[in-house]
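Spelled out, the chains give:
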Amino acid sequence: MQISLLRHEVTKSRRWCGYGLQVILKASYITICLDGSPPAYSMEMGSGSGKDSWIVHLQGGGWCNTLDDCLQRSTTYLGSSKYMTAFGFGGILSNSMAYNPDFYNWNRVYVRYCDGGAFSGDVETGVQVTNGGKTSTLYFRGRMVWEAIIDDLLSKGMSSADRAILSGDSAGGSSVIFHCNRFRKKMPSSTDVRCLSDAGYFMDIPNLANGYSFQQFFDDIVALHKITMLPSGCTSQRSLGQCYFPEYSLQYVTPPIFLLQSPYDNFQVRYILAPTGTYSGGSWDACKQALLGCSSSQLSIIQGQLRARMLDSLNSFIGNKNWGMYMISCYYHTQVVDTFIWNSNSKINSLTPAQAFSRWYFQRELVQEVDCPFPCNPTCISTS
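The structure contained in this document is the topic of the report that follows. Within each chain, residues carry numbers counting from 1 in the order of the written sequence. Side-chain atom pairs in this predicted model are given and counted only at pLDDT of 80 or more, local residue features only at pLDDT of at least 70, and totals for whole chains, interfaces and linings cover all residues. Excluded from the side-chain calculation are hydrogens and water; included are all heavy atoms of the structure.

**Re unusual backbone geometry**
Stage number 1. Residue Pro-375 is reached from Phe-374 by a cis peptide bond, and omega for that bond is 10°.
Stage number 2. Runs of E in the DSSP output that reach at least two residues are strands. Runs of H or I that reach at least four are helices, and both are numbered from the N terminus. Among the secondary structure elements, Pro-375 is positioned in the segment after β13 (368–370).
Stage number 3. Positive phi is not limited to glycine here, since Asn-349 has a value of about 50°.
Stage number 4. Its place among the elements puts Asn-349 in the loop between α11 (339–343) and α12 (353–363).
Stage number 5. Asn-349 sits in the exposed class, given a relative accessible area of 61%. Under the scheme applied here, a residue whose accessible area is under 20% of the maximum for its type counts as buried, over 50% as exposed, and between as partly exposed, the area being computed with a 1.4 Å probe on protein chains only.

Now the structure itself:
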């Protein structure tokens, strides 16, 4: 497996963390992680029938919305390539023909997430922050990181791709929705381009206290990272913070896209619907831990505030085969790079996520699997 890092005015190779070849390439000085270190990606080259096919996957990992929060993040693998360790390819990125029969021999790329703004920030100059008497400089250049990595992959053979998938999970899944159109424009017109967003469809819903705390959180991210790449059709009608919700930006995606999502997304239950401070005592703690710990009234709130709202927001895409979806009623957040969930266990109508996506991708047929309400699906993992 090859690890590539992008750094200004340097070209060399060496071993990194015992995990394959690190290639340090010449790149723009503005292409850097939060802490100023070079961004990175992991890659396994394709072979045989997959040598001209590509999957580029954007890593997830939340966001940072304040200088102090981003400063803390800059000392972790989600803010600096200095702290990145080996990544084992699984799920749709697996090289196992048994577990990943449709994509195992494609060129598979795992883009490491180190900017804190879902590959969307656009601040050209560094920002100084002082903490504990020490001054550090942070960089919010996620969009430029994405551009540089895609350009580097194009130079490594992706410009001759016959097929290309841009995928991502969590914050990376939302980034897929923001970058899908750009990915299409980067690729040759002859390349079949499709996108896959896993657990990236975040909803703009009120919390238990009837406040929109996550909307404020996204407002702060957009302001700090100076995110301007959101679709103009959305920003002409809504605030930038609202358009950072994929709920409002999805309709502006033009290439075919597949949503892999739980209407009971455990991240959204825990941090958007029922964040700490919006309920008294520990009344929601057990419910947030597992849906089987929810009372009937709590489950009813989740069904109405999250599941029903999410499914309603997707009504306009029903029947369009370019918009695939797999909405499973399990308490999951991500699935696509988890081999066990992706291709082995959880199912809707006897279809695993891998089978549903492959049927949509290769057979070009309508695949819009919407599960019955919880707790109807016995194949779910970790719902008890």
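**Points about the state of the cysteines**
Stage number 1. By disulfide we mean two sulfur atoms from cysteines, separated by a distance within 2.5 Å. Taken as a whole and judged by the stated rule, the model has 7 disulfides.
Stage number 2. Shown here is the disulfide that connects Cys-33 with Cys-114, its sulfur atoms set 2.1 Å apart. Where Cys-33 bonds to Cys-114 through sulfur, the torsion about that S-S bond is close to -75°, and the disulfide is left-handed. Of this pair, Cys-33 sits in the loop between β3 (21–27) and β4 (40–44) while Cys-114 is found in the loop between β6 (107–111) and β7 (127–131), placing the two residues 81 residues apart along the sequence. Taken as a pair, Cys-33 and Cys-114 share a single burial class, namely buried.
Stage number 3. The disulfide bridge from Cys-372 ends at Cys-376, spanning 1.9 Å between sulfur atoms. With the S-S bond torsion at 100°, the cross-link from Cys-372 to Cys-376 turns out right-handed.
Stage number 4. Among the residues examined, Cys-372 registers a relative accessible area of 35% and is labelled partly exposed.
Stage number 5. Assessed through its relative accessible area of 32%, Cys-376 is described here as partly exposed.

**Some points on the packing of aromatic side chains**
Stage number 1. Aromatic rings from Phe, Tyr and Trp, with only the six-membered ring used for Trp, were paired whenever their centres fell within 6.5 Å, and each pair was classed as stacked if the ring planes differed by under 30 degrees, edge-to-face if by over 60, and tilted otherwise. As enumerated under the stated definition, the model contains 30 aromatic pairs in all.
Stage number 2. Through a chain of ring-to-ring contacts, the aromatic side chains of Trp-63, Phe-178, Phe-202, Phe-214, Phe-217, Phe-218, Tyr-244, Phe-245, Tyr-248, Phe-267 and Tyr-271 assemble into a single cluster.
Stage number 3. We count a charge as sitting over a ring when the NZ of a lysine or the CZ of an arginine lies within 6 Å of the ring centre and within 35 degrees of the ring normal. A cation over an aromatic ring shows up here: Arg-73 above the ring of Tyr-113, its NZ or CZ 4.9 Å from the ring centre.

**Description of the nonpolar core**
Stage number 1. Core analysis: the biggest nonpolar cluster contains 75 residues, and Trp-63, Met-158, Phe-183, Tyr-244 and Leu-250 have the highest contact counts within it.
Stage number 2. Working definition of a nonpolar core: buried Ala, Val, Leu, Ile, Met, Phe, Trp, Tyr and Cys residues. They are joined through side-chain atoms within 4.5 Å. Of all hydrophobic cores here, the second largest spans 28 residues; its members include Ile-92, Tyr-110, Cys-330 and Ala-354.

**Regarding the packing of helix α8 (residues 266–273) against helix α10 (residues 296–313)**
Stage number 1. For the pair α8 and α10, interaxial distance at closest approach is 12 Å and the crossing angle is 110°. The orientation of α8 relative to α10 falls into the category roughly perpendicular. Viewed along their axes, α8 and α10 form a crossing whose handedness is right-handed. When α8 is examined against α10, the residues Gln-268, Val-269 and Leu-273 are found in contact with a partner set consisting of Ile-301, Ile-302, Gln-305, Leu-306 and Met-310. Axis geometry follows a simple rule: fit a line to the C-alpha atoms, using only the stretch in contact for helices, then measure angles between N-to-C directions, giving values from 0 to 180 degrees. Oblique is the label for every angle not falling under 35 degrees (roughly parallel), over 145 degrees (roughly antiparallel), or within 65 to 115 degrees (roughly perpendicular). Two helices that cross are described as forming a left-handed crossing if the nearer one is turned anticlockwise from the farther one by less than a right angle, and a right-handed crossing if clockwise. By definition in these notes, contact holds between two residues if any of their heavy atoms fall within 4.5 Å.

**Here's the deal with the side chain of Ser-96**
Stage number 1. Inspection of the secondary structure puts Ser-96 in the loop between α1 (67–73) and β6.
Stage number 2. Here a polar contact is taken to be a pair of N or O atoms separated by no more than 3.5 Å, where protein atoms must pair a possible hydrogen donor with a possible acceptor and residues adjacent in sequence count only if both atoms sit in side chains. A distance of 3.3 Å separates a polar atom in the side chain of Ser-96 from the backbone nitrogen of Ala-98.
Stage number 3. When near neighbours in sequence (up to four residues on either side) are disregarded, Ser-96 contacts Pro-101 and Tyr-104.

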